[in-house]
Amino acid sequence: MEPYRPISCDLHDHLEIACLRRLRLQVELTDGTQVEGRALTTVSTPSKEEFLRLESADGLRDLRLDQLHAITALDEESGFGRVVLSA
């Protein structure tokens, strides 16, 4: 896997809001994979990699933030729709 590239603070804020509100998200990864689940928290490793922790039908999933292409909030009260995280 490539070295971790931090995402911008503005985009990180959307993830933090999703976690605080425990929103259901559809997450699009840069490889085209889609994952649906409830946003729980963001996790940082000692090597400074950051992950979004989701509760999905398959259990807990940690998705590396620089591998996220876009998130779409599935809850109507979310305050945002689709947010593109990578170009």
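Below is a summary of the structure that appears in this document. (Residues numbered from 1 in each chain as written. Predicted model: local features only at pLDDT ≥ 70, side-chain atom pairs only at ≥ 80, totals over all residues. Heavy atoms only, no water.)

**A short note on the overall build of the protein chain**
Consideration 1: Helix and strand content of the protein chain: one helix and six strands.
Consideration 2: Of the regular secondary structure in the protein chain, the N- to C-terminal order runs α-β-β-β-β-β-β.
Consideration 3: Taking 2.2 N^0.38 as the reference for a compact globule, 87 residues should give roughly 12 Å; the C-alpha atoms of the protein chain span a radius of gyration of 12 Å, in line with that estimate.
Consideration 4: The principal-axis extent of the C-alpha atoms belonging to the protein chain is close to 35 × 25 × 25 Å.
Consideration 5: Of the contacts formed within the protein chain by residues at least 6 apart in sequence, a portion of 46% connects residues at least 24 apart.
Consideration 6: Of the roughly 5,200 Å² that the protein chain leaves accessible, carbon and sulfur atoms contribute 49%.
Consideration 7: Across the protein chain, 10 positive and 16 negative side-chain charges occur, with their mean positions spaced 2 Å apart. (Helix = DSSP H or I, 4+ residues; strand = E, 2+ residues; numbered from the N terminus. Rg over C-alpha atoms; globule rule 2.2 N^0.38 Å. Contact = heavy atoms within 4.5 Å. Areas by Shrake-Rupley, 256 points an atom, 1.4 Å probe, with all protein chains shown as cover. Lys, Arg positive; Asp, Glu negative; His and termini not counted. Charge placed at Lys NZ, Arg CZ, Asp CG, Glu CD.)

**Digging into unusual backbone geometry**
Peptide bonds are trans in most cases, and residues, glycine excluded, mostly fall at negative phi.
Consideration 1: Look at Arg22: it is not a glycine, yet its phi comes out positive at around 55°.
Consideration 2: Tracing the chain through its elements places Arg22 in the loop between helix H1 (9–20) and strand E1 (24–29).
Consideration 3: By relative accessible area, Arg22 is classed as partly exposed at 41%.
Consideration 4: Positive phi values are uncommon outside glycine, yet Lys48 reaches one of about 75°.
Consideration 5: On the secondary structure map, Lys48 appears in the loop between strand E2 (34–44) and strand E3 (50–56).
Consideration 6: In this structure Lys48 comes out as exposed when scored by relative accessible area, which is 64%. (Buried < 20%, exposed > 50% of the residue type's maximum accessible area, 1.4 Å probe, protein only.)

**Focus: the side chain of Asp75**
Consideration 1: By secondary structure assignment, the location of Asp75 is in the loop between strand E5 (68–73) and strand E6 (82–84).
Consideration 2: Accessibility expressed as a relative area gives 13% for Asp75, which makes it buried.
Consideration 3: Within polar-contact distance, the side chain of Asp75 engages the backbone nitrogen of Arg24 at 2.7 Å.
Consideration 4: Setting aside residues no more than four positions away along its own chain, Asp75 makes contact with Arg22, Leu23, Arg24 and Arg38. (Polar contact = N/O pair within 3.5 Å; in protein donor to acceptor, adjacent residues only side chain to side chain.)

**A short note on the pattern of salt bridges**
Consideration 1: Scanning the entire structure with this criterion turns up five salt bridges.
Consideration 2: Asp75 is the partner of Arg24 in a salt bridge, and the nearest nitrogen-oxygen pair spans 3.1 Å. With a gap of 51 residues between them, Arg24 in strand E1 and Asp75 in the loop between E5 and E6 connect regions that are remote in the sequence.
Consideration 3: Between Asp66 and Arg64 there is a salt bridge, with the nearest N and O atoms lying 2.6 Å from each other. When sorted by exposure, Asp66 lands in the same class as Arg64, which is buried.
Consideration 4: Counted as one network, the salt bridges with shared partners bring together Glu49, Arg64 and Asp66. (Salt bridge = Lys/Arg side-chain N within 4 Å of Asp/Glu carboxyl O.)

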